[in-house]
Amino acid sequence: ETLGIIAQIADKLRFLQAHLEFGHRDLKTDNIMYRGTFGTYHVASATNKLDYMIPDTPDLCFIDFGFCCITYKGTKIVSRSVFAEGRPCFKKGRDLAQLLYSMYLLQRALPQQIIGFLRYCLTIRIGEVTCSLPATCIVYGMRDWEDVYAFLDRDDIEYPRAEPVAILRMIGSYLVEHKALPSLADDMLSLVVGPPVGNFPVNGYQASPDNRGSTKN
């Protein structure tokens, strides 16, 4: 169920980013609501070759747009926020990285399989090195939740594993193979905590040597 929720959020972000260069910039568990209805969610994108169903998932929506910005027909619309004027609104992976990190902070309430998946997705690039939120990113300035806004907004940080399409491909690949999300979580755990991490194939994508979560000091 948790992975299905992540997939739905990633798909909605993918759509909003593609059409509006949308940046929520404060996406966390507190800012996700559900409408109380459960059903099958259809992930579909011809451009990204995505097409699969997520059964029994709640209908989710985003709230609290006080920090957000969009670009519509060439016009950028930016709300007043803690972000300095001129900071990039749209950064691939930033919103989802922040959401996944807020989920990681709730790890006492999450199955070990999901925690392993979150750790994998929260491996980020800082220039030529990689670190994992929050553990090994401490030496680069990320200490706790209060740092996350400024830290993830830095120009030298990229989040390739937290980009919506990357998340959707990971979940979709294993959902199609195993036909059910419970098996998906178990298989992902073996990938994110065991030796196969470096050769994690995702619909034709294979992790390169510089994207395996190692940290250089």
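Above this note sits the structure.
Residues numbered from 1 in each chain as written. Predicted model: local features only at pLDDT ≥ 70, side-chain atom pairs only at ≥ 80, totals over all residues. Heavy atoms only, no water.

(A) Examining the state of the cysteines more closely. Considering all chains together, one arrives at two disulfides under this definition. Two residues share a disulfide in this structure: Cys69 and Cys89, whose sulfurs sit 1.9 Å from each other. Sign of the S-S torsion, about 120 degrees for the bond between Cys69 and Cys89, identifies this disulfide as right-handed. Of this pair, Cys69 sits in strand 3 (residues 69–72) while Cys89 sits in the loop between strand 4 (75–78) and helix 2 (94–104), placing them 20 residues apart in sequence. (Disulfide = S-S within 2.5 Å. Helix = DSSP H or I, 4+ residues; strand = E, 2+ residues; numbered from the N terminus.)

(B) The arrangement of helix 1 (residues 2–20) in detail. End to end, helix 1 covers 27 Å across 19 residues, agreeing with the expected 27 Å (1.5 Å per residue, within 8%). Among the residues of helix 1, those classed as buried are Leu3, Gly4, Ile6, Ala7, Gln8, Ile9, Ala10, Asp11, Leu13, Arg14 and Gln17. Downstream of helix 1 by a residue or two, Glu21 has a phi angle that is positive, lying close to 50 degrees. (Expected span 1.5 Å × (residues − 1). Buried < 20%, exposed > 50% of the residue type's maximum accessible area, 1.4 Å probe, protein only.)

(C) Fine view of the packing of aromatic side chains. The full count for this structure, using the stated rule, is one aromatic pair. Above the face of the Tyr120 ring, Arg161 is positioned so that its terminal group lies 3.9 Å from the ring centre. (Phe/Tyr/Trp six-rings, centres within 6.5 Å; stacked < 30°, edge-to-face > 60°. Lys NZ or Arg CZ within 6 Å of the ring centre and 35° of its normal.)

(D) Representation of unusual backbone geometry within the structure. Unlike most non-glycine residues, Arg25 shows phi in positive territory, near 70 degrees. In this structure, Arg25 sits in the loop between helix 1 and strand 1 (32–45). Positive phi is not limited to glycine here, since Lys49 has a value of about 55 degrees. Within the element layout of this structure, Lys49 appears in the loop between strand 1 and strand 2 (50–62).

(E) Seen up close, the packing of helix 1 against helix 3 (residues 112–121). Between helix 1 and helix 3, the shortest axis-to-axis distance is 10 Å and the interhelical angle comes to 30 degrees. As the angle between them shows, helix 1 and helix 3 are arranged roughly parallel. Judged by residue contacts, Thr2, Leu3 and Ile6 of helix 1 engage Ile114, Phe117 and Leu118 from helix 3. Split by residue class, the contact of helix 1 with helix 3 holds five nonpolar, one polar and no charged. (Axes fitted to C-alpha atoms, helices over the stretch in contact; angles between N-to-C directions. Parallel < 35°, antiparallel > 145°, perpendicular 65-115°, else oblique. Contact = heavy atoms within 4.5 Å. Nonpolar A, V, L, I, M, F, W, Y, C, P; charged D, E, K, R; others polar.)

(F) Representation of the pairing of strand 6 (residues 129–132) within the structure. Every second residue of strand 6 is oriented toward a common face, with Val129 and Cys131 on one face and Thr130 and Ser132 on the other, all of them buried. Sheet topology places strand 5 (residues 123–126) next to strand 6; four bridges connect them, and they run antiparallel. If you follow Thr123 over to strand 6, its bridge partner there is Ser132. Between strand 5 and the antiparallel strand that follows it, strand 6, lie two residues; Gly127 among them carries a positive phi value of about 65 degrees. (Pairing = 2+ DSSP bridges.)

(G) Quick look at the sheet that holds strand 5. Across the sheet, which stays open at both edges, the three strands sit in the order 6-5-7 with antiparallel pairing between neighbours. Unpaired on one side and paired on the other, strand 6 and strand 7 (157–158) mark the two borders of the sheet. As paired strands, strand 5 and strand 7 are joined by two bridges and run antiparallel to one another. The residue of strand 7 that forms the bridge with Arg125 is Glu158.

(H) Just the nonpolar core, in detail. Counting residues in each nonpolar core, the largest one holds 53 residues, and the members touching the most others are Ile6, Ile9, Leu100, Ile124, Leu133, Phe151 and Ile167. With seven residues, the top contributor of residues to this core is helix 2. In contact with Ile124, not counting residues within four places along its chain, are Val129, Thr130, Cys131, Leu133, Cys137, Phe151, Ile157, Glu158 and Tyr159. (Core = buried A, V, L, I, M, F, W, Y, C linked by side-chain atoms within 4.5 Å.)

(I) Region of the structure containing the pattern of salt bridges. All told, the structure shown has seven salt bridges when counted by the stated rule. Across the pair Asp11 and Arg14 runs a salt bridge, and its minimum N-O distance is 3.0 Å. Of this pair, Asp11 and Arg14 both sit in helix 1, separated by three residues, roughly a single helical turn. On the basis of relative accessible area, Asp11 is assigned to the buried category, the value being 5%. Take Arg14: its relative accessible area is 15%, and that puts it in the buried class. Arg35 is the salt-bridge partner of Asp59, the closest N and O atoms lying 3.1 Å from each other. With Asp59 in strand 2 and Arg35 in strand 1, the pair connects residues that are 24 residues apart, well separated along the chain. Each of Lys12, Arg35 and Asp59 takes part in one network of salt bridges that share partners. (Salt bridge = Lys/Arg side-chain N within 4 Å of Asp/Glu carboxyl O.)

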